[in-house]
Amino acid sequence: MRVLGIETTCDETAAALLDGRGRVLSNVVHSQIPLHRKYKGVVPELASRAHCAKIADVVAEAMSRAGVSGLKKPFDAVAYANGPGLPGALLVGRTAAGVIARLYGVPEVPVNHLEGHLLSCELSDGAPRPLKFPLLALIASGGHTELWLVKGYGRYRALGRTRDDAAGEAFDKVAKLLGLDYPGGPAVEKCARDGAAQAVAFPRPLLPGTDEFSFSGLKTAVSYKLQGGKHLRKEDVCAAFQAAVVETLVSKTMDAAVRHKVRQIAVGGGVAANTALRQALEAAAAGRGMGVRFVERKFCTDNGAMLALAALRKLGGKALPRPARVNPELKIRSWAGAA
Ligand code: KG4
Ligand code: ZN
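Peer 1: Got a minute to help me understand the sheet that holds strand 8 (residues 155-161) in this structure?
Peer 2: The strands that make up a sheet are held in pairs by hydrogen bonds between backbone atoms, and each pair lies either parallel or antiparallel. Ordered in space as 8-7-6-9-10, the 5 strands form an open sheet in which the pairing is mixed. Edge positions in the sheet fall to strand 8 and strand 10 (291-294), since each has one partner strand and no second. Taking the axes of each pair of neighbouring strands and ignoring which way they run, one obtains an average angle of 20° across the sheet. Of the pairings in the sheet, the one linking strand 6 (residues 135-140) to strand 9 (residues 264-268) comprises 5 bridges and is parallel in character. By the bridge assignment, Leu138 is partnered in strand 9 with Val267. Across the sheet, helix 8 (residues 234-259) touches strand 6, strand 7 (145-152), strand 8 and strand 9, and the angle it forms with strand 6 is around 155°.

Below, the structure written as structure tokens:
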């Protein structure tokens, strides 16, 4: 048993092959970062075009690296992200999965991209490390910041999400304000290493009484500070901003975990790569005797492996769904024969 996973929700064209036990046989990611860098953000139309240009090569490369290229049945199912994501980008992955599934006579398994980020916490170089339920999940990426109560595979309850900017988006926008590189998360984190968080005061958008987030005010606070204080060091602004985001994420995650009486926390998405967040959440959880599982750094950002694993968990040892069939009613007119 093997599953192909295809990811095209945003700015990564990715494909991976996993075996039936969830071991990663190949994981190919073509990043569009160089394409979007000069705009300091993802340009949806450019993203869709780049997915179109790269998807075939990325899938072929994933098959080749997994050593299944020449096989009659290289995989038993094709998983793809069916949202949330950029509409034009999603269409590319969905179309590719549909064509590939029909060509090989295997089923397609649509997967929620955020479920992929959650289950990416199980991925490793060897066999996956199953999560322990119930758990509280923090999914923090460029497009999303959500808290989920997870009772088991497929048993998810979204407790809250961001009302405006996602945490990663706030990192990206603050990096743009400071003239730092794109994507902003790694750039701000690097700059923050030489800064003092206490040198600049930023608010903590805690929104008490809710499990929701809001980071746009924090971003605006950074913008006002920069307009008002030319003497500020970039390093200090980065450190203070990062501390505000981390403290907010940690405080809200711990608060929800305690309220729902769970002992496990899982953190997925691009922002999970942030070392300050990892350290602060680990310390807070340890203080309460809770365990935290962070996605491994190489699976933090968008990839096909997380979708293939989510499909495997969804199937959960059940019989595979029937392969999609070409609709016999479909009348395809031959253009060559058209008058
Ligand atoms: O999960 P992902 O690849 O894309 C979405 O699904 O949105 O996450 C990308 C986001 C970007 O906003 C990026 O700035 C952020 O994750 N990110 C980080 C770090 N590395 C990536 N944010 C904070 N610290 C990091 N080290
Ligand atoms: Zn993502």
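Peer 1: Help me understand unusual backbone geometry, please; the structure alone is not making it clear to me.
Peer 2: Among all residues except glycine, the phi angle is most often negative; among peptide bonds, the trans geometry is most common. The step from Gly83 to Pro84 runs through a cis peptide bond, and the omega angle for that step is -5°. Considering the arrangement of structural elements, one finds Pro84 in the loop between strand 4 (77-81) and helix 3 (87-104). At Lys40, a position not held by glycine, the phi torsion is positive, near 55°. As for its placement among the helices and strands, Lys40 is situated in the loop between helix 1 (33-36) and helix 2 (44-65). The class for Lys40 is partly exposed, based on a relative accessible area of 27%. Its identity as a non-glycine residue notwithstanding, Lys261 has a phi of 55°, on the positive side. Summarising the element assignment, Lys261 is placed in the loop between helix 8 and strand 9. On the basis of relative accessibility, which here comes to 71%, the residue Lys261 falls in the exposed class.

Peer 1: Mind showing me how you'd approach the packing of helix 5 (residues 167-177) against helix 6 (residues 184-192) here?
Peer 2: Two quantities define a packed helix pair, namely the angle between the helix axes and the distance between the axes. Contact geometry of helix 5 with helix 6 gives a least axis separation of 7 Å together with a crossing angle of 65°. Two packed elements cross with a definite hand, and for helix 5 against helix 6 that hand is left-handed. Two secondary-structure elements touch here, helix 5 through Phe171, Asp172 and Ala175 and helix 6 through Gly184, Gly185 and Val188. When its residues are assigned to classes, the contact of helix 5 with helix 6 shows 3 nonpolar, 2 polar and 1 charged.

Peer 1: Whenever I open this one, the site of ligand 1 confuses me. Can you help?
Peer 2: In the vicinity of ligand 1 there are 23 residues, among which Gly142, Gly143, Asp172, Gly185 and Glu189 approach most closely. A distance of 3.3 Å is found between an oxygen atom of ligand 1 and a side-chain nitrogen or oxygen belonging to His113. Backbone polar atom of Gly143 to an oxygen atom of ligand 1: 3.0 Å apart, as the coordinates give it. For ligand 1, whose accessible area on its own is 560 Å², the fraction buried by protein is 91%. Of all the secondary-structure elements, those providing two or more residues to the shell around ligand 1 are helix 4 (113-119), helix 5 and helix 6. Counting the residues that make up the shell around ligand 1, at least three belong to each of domain 1 (2-120 + 300-325) and domain 2 (132-294).

Peer 1: Looking at this structure, I do not really get the domain arrangement of the protein. What am I missing?
Peer 2: Frequently, the measure chosen for interface size is the accessible area removed from exposure when the parts meet. Taken domain by domain, the protein holds domain 1 (2-120 + 300-325) and domain 2 (132-294). Spacing between the C-alpha centres of domain 1 and domain 2 amounts to 27 Å. With 18 residues of domain 1 at the interface, the matching set in domain 2 holds 24 residues. Counting the surface lost from both domain 1 and domain 2, the interface buries some 1600 Å², and carbon and sulfur atoms represent 70% of this. When the area that domain 1 buries against domain 2 is broken down by residue, the three leading residues are Lys40, Leu114 and Leu118, summing to 41%. Counting across the domain 1 and domain 2 interface gives 1 salt bridge. Salt-bridge contacts for Arg37 lead to Asp181; the nearest nitrogen and oxygen are separated by 2.8 Å. Our count for the domain 1 to domain 2 interface comes out at 6 residue pairs in polar contact (both at pLDDT 80 or more). The residue makeup of the side of domain 1 that touches domain 2, split by class, is 8 nonpolar, 5 polar and 5 charged.

Peer 1: Can you walk me through the packing of aromatic side chains in this structure?
Peer 2: Here the distance between the centres and the angle between the planes together describe a pair of aromatic rings. One pass over the full model with this rule turns up 5 aromatic pairs. Summarising the aromatic geometry, the rings of Phe75 and Tyr104 are spaced 5.1 Å apart at their centres and angled 65° between planes, so their arrangement reads as edge-to-face. Note that Phe75 is positioned in the loop between helix 2 and strand 4 and Tyr104 in helix 3, a separation of 29 residues in sequence. Relative accessible area serves as the criterion here: at 0%, Phe75 is assigned to the buried category. Taking the centre distance of 6.0 Å and the plane angle of 15° together, the rings of Phe213 and Phe215 count as stacked. Note on accessibility: Phe213 and Phe215 belong to one class, buried.

Peer 1: Mind showing me how you'd approach the sheet that holds strand 1 (residues 2-7) here?
Peer 2: With respect to topology, 5 strands assemble into an open sheet ordered 3-2-1-4-5, the strand pairing being mixed. In the strand order of this sheet, the two ends are held by strand 3 (24-31) and strand 5 (108-111), each with one partner. For this sheet, the mean angle separating the axes of adjacent strands, direction not counted, is 15°. In this sheet, strand 4 lies alongside strand 1 in parallel orientation, the contact comprising 4 bridges. Within the sheet, the bridge partner assigned to Leu4 lies in strand 4 and is Val78. In this fold helix 2 packs onto strand 1, strand 2 (12-19) and strand 3, with an angle of close to 25° to the strand it touches most, strand 2. Strands in contact with helix 3 are strand 1, strand 4 and strand 5; relative to strand 4, the strand with the most contacts, it is inclined by about 175°.

Rules behind the numbers
- Residues numbered from 1 in each chain as written.
- Chains lettered and ligands numbered in written order.
- Predicted model: local features only at pLDDT ≥ 70, side-chain atom pairs only at ≥ 80, totals over all residues.
- Heavy atoms only, no water.
- Pairing = 2+ DSSP bridges.
- Helix = DSSP H or I, 4+ residues; strand = E, 2+ residues; numbered from the N terminus.
- Axes fitted to C-alpha atoms, helices over the stretch in contact; angles between N-to-C directions.
- Contact = heavy atoms within 4.5 Å.
- Buried < 20%, exposed > 50% of the residue type's maximum accessible area, 1.4 Å probe, protein only.
- Left-handed = near helix turned anticlockwise from the far one by under 90°.
- Nonpolar A, V, L, I, M, F, W, Y, C, P; charged D, E, K, R; others polar.
- Near = heavy atom within 4 Å.
- Polar contact = N/O pair within 3.5 Å; in protein donor to acceptor, adjacent residues only side chain to side chain.
- Areas by Shrake-Rupley, 256 points an atom, 1.4 Å probe, with all protein chains shown as cover.
- Domains from an automatic or database assignment.
- Buried area = accessible area lost by both parts, 1.4 Å probe.
- Salt bridge = Lys/Arg side-chain N within 4 Å of Asp/Glu carboxyl O.
- Phe/Tyr/Trp six-rings, centres within 6.5 Å; stacked < 30°, edge-to-face > 60°.

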